[in-house]
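Chain by chain, the residues:
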Amino acid sequence: MTNEQHNKFIGIAFLVHGGFQMLMALLMALMFGSFALMIPNQPGREGPPRLFFLAIMVFVVVIQSIFATPSFVAGYAVLKRKSWARLSSIIAAVFSAMNVPIGTAVCVYALWFFFGENWKEIYQTTPGGARAELPNDATAWANQPWEARRGERVPPTPPDWR
């Protein structure tokens, strides 16, 4: 499989994981919402508070959304080959690792790709397709001593505290 295909599958996997997270949030919201609506009111007895179930429903949806958002962001960045796709994918992979088994599989696959050498072929290229490297004069400039660089601020010498 080529690195282009790996990149595409990782992006799709992040989007599927985020969709699965939001589906679980919706199902849990429906469950807690139905609990709140189905509480029987017996005459003369006060039932459990409905507001409690509604508060739990809101809490669960917010937490699930927080865990799904990095997957959606990383999926978008990877599929569109944004410059920040690697960082967002690593963050999303760490967030998704806790969701066994789908999130863990996405995490392992993304970390394998982005911590290896495969990602460099896709993300370290210029728009023309050439490798992004420093030009020779920039490398020479960076290796010069501070005093030799005209127009540059010379850093102060720290005091000798001995």
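Just above sits the structure.
The text that follows walks through the structure, step by step, so that each part is easy to find. Counting from 1, residues in each chain are numbered in the order their sequence is written. In keeping with the model being predicted, local features are shown solely for residues with a pLDDT of at least 70 and side-chain atom pairs are shown and tallied solely at 80 or more, while totals for entire chains, interfaces and linings include all residues. With hydrogens and water set aside, each side-chain value is computed from the structure's full complement of heavy atoms.

1. Side note on the packing of aromatic side chains
Aromatic rings in a pair are described by how distant their centres are and how their planes are angled relative to each other.
Next up, step 1: Two rings from Phe, Tyr or Trp (for Trp, the six-membered ring) form a pair when their centres are within 6.5 Å of each other. A pair whose planes differ by under 30 degrees is stacked, one over 60 is edge-to-face, and the rest are tilted. Per the counting criterion, the structure on display carries five aromatic pairs.
Next up, step 2: Taking the centre distance of 5.7 Å and the plane angle of 70 degrees together, the rings of F52 and F53 count as edge-to-face.
Next up, step 3: The buried category is assigned to F53, whose relative accessible area is 18%.
Next up, step 4: An angle of 45 degrees between the planes, with centres 5.9 Å apart, marks the rings of F114 and Y123 as tilted. For every residue, the accessible area (1.4 Å probe, protein chains only) is compared with the maximum for its type, and the residue is labelled buried under 20%, exposed over 50%, or partly exposed between those bounds.

2. With respect to unusual backbone geometry
Next up, step 1: Each neighbour pair has its own omega, and for V100 with P101 the value is -5 degrees, a cis peptide bond.
Next up, step 2: The backbone of R81 sits at a positive phi, close to 55 degrees, despite the residue not being glycine.
Next up, step 3: Think of it this way: any DSSP run of H or I at least four residues long counts as a helix, any run of E at least two long counts as a strand, and we number them from the N terminus. Secondary-structure assignment places R81 in the loop between α2 (50-80) and α3 (85-96).

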